[in-house]
Amino acid sequence: MLHRPCSYWWPTFLVLLLGSPILSASDAERPNVIVIMTDDQGMGDFSYFGNPVLKTPNLDAVARSAVRLTDFHVAPMCSPTRGQLLTGVDAVRNGVTSVTAGRTFLRPGFPILAEMLKANGYATGIFGKWHLGESYPHRPIDRGFDESVYHLGWGMLQSTPDYGNPLINGRYFHNAQPKKFTGHCTDFWFDQATAWIKQQSDRHQPFFCYIPTNAPHGPHIDLPQYIQPYEGKGPAGFFGMIAHVDERVGRLEKFLSDSGLRENTIFVFLTDNGGTSGVRLFNAGLRGGKTQYYDGGHRVPCWIRWPAGGLGQPRDIATPTQVQDLTPTILEFCGTPKPAHAKFDGTSLARLLRGQNNPLPDRKMVVQYSRDTLAKWDSCVIWNQWRLVKGEELYDVVQDRAQTKNLAVEQPKIVQAMRDHYEAWWTGMGPKPNEYVPILLGTPHQAEVTLTSGDWEGIYADNTGHVRNAIGGPRGGHWHVTIDQPGEYEFILRRWPRETGVALGDAEVVTDARAKVGAKLYNPPAKTFPIAEGIVTVAGKEAHAKTNPKAQSVTVRMNLPAGRSILNAWFRDEKGADQCGAFFVYVSRVK
């Protein structure tokens, strides 16, 4: 069944809603904003919190100079945190509830921080990991970033959209155009960010600089000088990546001080989810890690510094807070109004950070995401010292930081109050939590769209291991799409990504660099198939094209009407037997 496409995007309309850039204060008086978010670094992965092996002197110095939110919560996984950070809206509402399976796209109608600050006269830049969509209208350049320097997917080398792309001397995207960088990606992100900040400073232009590093998420590849000090002492590659980020934060701090920018820059540091590779060594007393609803999965550091902003002395604040609070807080600090239609689930922390009276109402917060279909009660409800995990387990984390004693039986009134809050929250989540955001095809804003298995509905197929194992069965999965304009469309089906140059029926050979990291998970033996035909079904139509196993791809063309649909693409052998899904499909409107 086809549905006519709606008027899908509105960045220009956002500027109209907000009006002309606000000039009540001079550009020189408005604060700059820097947000740094590391990837897969838990509370225990800092010497500041007592890690017995890892040394993070520069990050520790940031902590000592800042207001520290000690009961701060994100999602237990990457993309949902990123969506919540930039929208101020809960993941279940904004649509980004997973890192894969067609659930990494923001629903239309949710403005993000970059768009709102840009409408208020700020320059906006991102340097690092985006992971909220690779095609229009989901790219950084479509979402308010003037300058976007980023990689694809959840990580380099091993994610489906960045398949085989090395962390050293690899590929990046500059305003949606692929380019090459030299050196290690961590240095590249910080070098680019620092140069861009200097350009804005020289122009006396207030800026928002977002530096979401892919480090220390795997693959744990870094330069020897960062890894060698930790060999034999713990997860050396993981710690080495953190040490590298720590050094670059120190260099950025020096630049801010030397350039005179430090005083009037809002500096925010946080991480995107709980601990991973370092949890077994040290987890700062927390239970659990990434993907889990115990505090070790979603309670992370958040440090905020603004010397000129009246935040007072560096100190700890134990009030429960969440990543959704950061966008409304930054907007208030920067004198930027939200669009009239925007509604945040987060709350501005401006009064709390400034030590003013009555800073926050008593509130309950919900942490929820999904690796697949969203399910009721698969969550954690937070209320002061209480944690209600999956609607059944109750913990007092002030008295029991490690969440060892379930108090649900002893505190039935607390449980009921938290369950009542969750019931109301879940009911109010519309549109339906499991409604998918389609990928837009045939738009004039992007000549070719790359579809990968990472966005198949309900199938976790977002890394090189899934591709090599040909996960998804003989027909693979399907994508939710919207055909933007009627016309003739070309679909180029591949078993392997275009960059590899590998034939349909051949096994992609793993390079030495890839073989050293994640061998079993990411580099299993590649399955091969006697591919002789490619098939595409979309908009109620089916088209075929013959090929052979030595060809790198097979091209299928179809005339399609505009509208929303489900797209499948897969391969068959000479006898007509289904073999495997097309893990990479390159789609363009040709006429």
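This is a predicted model, so every value here is computed, not measured. (Residues numbered from 1 in each chain as written. Predicted model: local features only at pLDDT ≥ 70, side-chain atom pairs only at ≥ 80, totals over all residues. Heavy atoms only, no water.)

1. A word on the pairing of strand β14 (residues 386-389)
Next up, step 1: Burial along β14 is two-sided: the face carrying Trp386 and Leu388 and the face carrying Arg387 and Val389 are both buried.
Next up, step 2: Remark: two residues form the turn of the hairpin made by strand β13 (residues 380-383) and β14, two consecutive strands paired antiparallel; asparagine 384 in that turn has positive phi of roughly 55 degrees.
Next up, step 3: Pairing analysis gives four bridges linking β14 to strand β15 (residues 393-396), with the strands arranged antiparallel. Residue pairing across strands places arginine 387 opposite tyrosine 395, the latter belonging to β15. (Buried < 20%, exposed > 50% of the residue type's maximum accessible area, 1.4 Å probe, protein only. Helix = DSSP H or I, 4+ residues; strand = E, 2+ residues; numbered from the N terminus. Pairing = 2+ DSSP bridges.)

2. Let's talk about the confidence of the model for the chain
Next up, step 1: Per-residue pLDDT for the chain averages 94, and the proportion of residues at 70 or more is 94%.
Next up, step 2: Ignoring residues within four places in sequence, the model shows residues 1-13, a span with pLDDT below 50, making 35 contacts including any to other chains.
Next up, step 3: Per-residue pLDDT stays below 50 along residues 15-25; that stretch engages in 18 contacts with residues further than four places along the chain or on separate chains. (pLDDT = per-residue confidence, 0-100. Contact = heavy atoms within 4.5 Å.)

3. Describing unusual backbone geometry
Next up, step 1: Omega for the bond connecting tyrosine 136 with proline 137 falls within 30 degrees of zero, at 5 degrees, which places this linkage in the cis form.
Next up, step 2: If you trace the backbone, proline 137 turns up in the loop between β3 (123-129) and β4 (147-151).
Next up, step 3: A positive phi angle, near 60 degrees, is found at histidine 131, a position not held by glycine.
Next up, step 4: With respect to the secondary-structure elements, histidine 131 resides in the loop between β3 and β4.
Next up, step 5: Of note, the phi angle at alanine 284 is positive, near 55 degrees, even though the residue is not glycine.
Next up, step 6: Residue placement: alanine 284 occurs in the loop between β8 (265-271) and α9 (295-298).

4. Thoughts on helix α2 (residues 57-65)
Two residues of an α-helix separated by three or four positions point the same way, owing to the 3.6 residues in each turn.
Next up, step 1: Every buried residue belonging to α2 is among Leu59, Asp60, Val62 and Ala63, and all of these are buried. Taken end-on, α2 shows its buried residues confined to a sector of 155 degrees, consistent with a single buried face.
Next up, step 2: Buried-residue contacts for α2 involve β2 (67-73), α8 (236-259), β8 and β9 (299-305). (Arc of directions from axis to C-beta.)

5. A look at the layout of surface pockets
Where empty space is left becomes clear once a probe the size of a water molecule has been rolled over the atoms.
Next up, step 1: What the largest pocket holds in volume is close to 720 Å³.
Next up, step 2: Within the residue set of the lining of the largest pocket, elements represented by two or more residues are β5 (171-174), β6 (177-180), β17 (448-452) and β25 (584-589).
Next up, step 3: The element that contributes the greatest number of residues to the lining of the largest pocket is β17, accounting for five residues.
Next up, step 4: Of the residues contributing to the lining of the largest pocket, the split by class is 14 nonpolar, 11 polar and 10 charged.
Next up, step 5: Surrounding the second largest pocket, 24 residues form its lining, Asp40, His217, Lys290, Leu521 and Tyr522 being those nearest its centre.
Next up, step 6: Tallied by class, residues from the lining of the second largest pocket come to nine nonpolar, 10 polar and five charged. (1 Å grid on protein atoms, 1.4 Å probe; cavity = no way out; pocket = protein on both sides within 12 Å on 5 of 7 lines; lining within 4 Å. Points joined across faces, edges and corners; volume = space filled by probe spheres on them. Nonpolar A, V, L, I, M, F, W, Y, C, P; charged D, E, K, R; others polar.)

6. Re the pairing of β25
Next up, step 1: With five of six residues buried, β25 lies mostly within the body of the structure.
Next up, step 2: The pairing of β17 with β25 spans five bridges and is antiparallel. Following the sheet pairing, valine 449 is matched in β25 by valine 587.

7. Some thoughts on empty space enclosed by the protein
Next up, step 1: Across all of its chains, the model carries five cavities of 30 Å³ or more by this definition.
Next up, step 2: Looking at the largest cavity, its volume works out to about 100 Å³.
Next up, step 3: Along the walls of the largest cavity sit 15 residues, with Val99, His131, Glu134, Pro161 and Asp455 positioned nearest its centre.
Next up, step 4: The class makeup of the residues in the lining of the largest cavity is four nonpolar, eight polar and three charged.
Next up, step 5: One number sums up the size of the second largest cavity: a volume of about 60 Å³.
Next up, step 6: In this structure, the second largest cavity is lined by Val92, Gly95, Thr97, Gly102, Arg103, Phe105, Arg107, Pro433, Glu435, Tyr436 and Val437.

8. Some words on the packing of aromatic side chains
Next up, step 1: A full pass over the atoms with the stated rule returns 31 aromatic pairs.
Next up, step 2: Seen in terms of ring centroids, phenylalanine 46 and tryptophan 303 are 5.5 Å apart; in terms of plane orientation they differ by 70 degrees. Their pairing is edge-to-face. Of the two residues, phenylalanine 46 sits in the loop between β1 (32-38) and α2 while tryptophan 303 sits in strand β9, which places them 257 residues apart along the sequence. Tryptophan 303 carries the same exposure label as phenylalanine 46, and that label is buried.
Next up, step 3: Here the aromatic cluster, defined as three or more aromatic residues joined through ring pairs, consists of Phe46, Tyr48, Phe49, Phe269 and Trp303.
Next up, step 4: Positioned above the aromatic ring of tyrosine 586, the side-chain terminus of arginine 498 is 4.0 Å from the ring centre. (Phe/Tyr/Trp six-rings, centres within 6.5 Å; stacked < 30°, edge-to-face > 60°. Lys NZ or Arg CZ within 6 Å of the ring centre and 35° of its normal.)

9. Looking at the side chain of threonine 321
Next up, step 1: Within the element layout of this structure, threonine 321 appears in strand β11 (residues 321-322).
Next up, step 2: With sequence-adjacent residues up to four places away left out, threonine 321 is seen in contact with Leu69, Asp71, Phe72, His73, Leu349, Leu352, Arg363 and Met365.

10. A look at the sheet that holds β13
Next up, step 1: With antiparallel pairing, the four strands of this open sheet are ordered in space as β12-β13-β14-β15. Edge strands, defined here as strands with exactly one partner in the open sheet, are β12 (364-367) and β15. Geometrically, the sheet is characterised by an average inter-axis angle of 20 degrees between neighbouring strands, direction not taken into account.
Next up, step 2: Where β12 and β13 come together, four bridges link them in antiparallel fashion. Paired with valine 367 across the strands is cysteine 380, a residue of β13. (Axes fitted to C-alpha atoms, helices over the stretch in contact; angles between N-to-C directions.)

11. Things to note about the nonpolar core
Next up, step 1: Val35, Phe72, Phe208, Tyr210, Leu270, Leu326 and Leu353 are the most contacted members of the largest nonpolar core, which has 48 residues in total.
Next up, step 2: Non-local contacts of tyrosine 210, meaning those with residues more than four positions away in its chain, are made with Val35, Met37, Arg82, Leu85, Leu86, Gly125, Ile126, Phe127 and Phe145.
Next up, step 3: By size, the runner-up hydrophobic cluster in this structure holds 44 residues, among which are Ala470, Trp479, Leu567 and Tyr586. (Core = buried A, V, L, I, M, F, W, Y, C linked by side-chain atoms within 4.5 Å.)

12. A closer look at the pattern of salt bridges
Next up, step 1: On inspection of all chains with the given rule, the structure shows 33 salt bridges.
Next up, step 2: The shortest N-O distance in the salt bridge between arginine 248 and aspartate 191 comes to 2.7 Å. Highlighted residues: arginine 248 in helix α8 and aspartate 191 in helix α6 (residues 185-202), separated in sequence by 57 residues.
Next up, step 3: In this structure, glutamate 423 and lysine 376 form a salt bridge, with 2.7 Å as the shortest nitrogen-oxygen distance. Of the two residues, glutamate 423 is situated in helix α12 (residues 412-427) and lysine 376 in the loop between β12 and β13; the sequence distance between them amounts to 47 residues.
Next up, step 4: By relative accessible area, which is 31% here, glutamate 423 ends up partly exposed.
Next up, step 5: By relative accessible area, which is 35% here, lysine 376 ends up partly exposed.
Next up, step 6: The structure contains a network of salt bridges with shared partners spanning Asp39, Arg82, Lys129 and Asp272. (Salt bridge = Lys/Arg side-chain N within 4 Å of Asp/Glu carboxyl O.)

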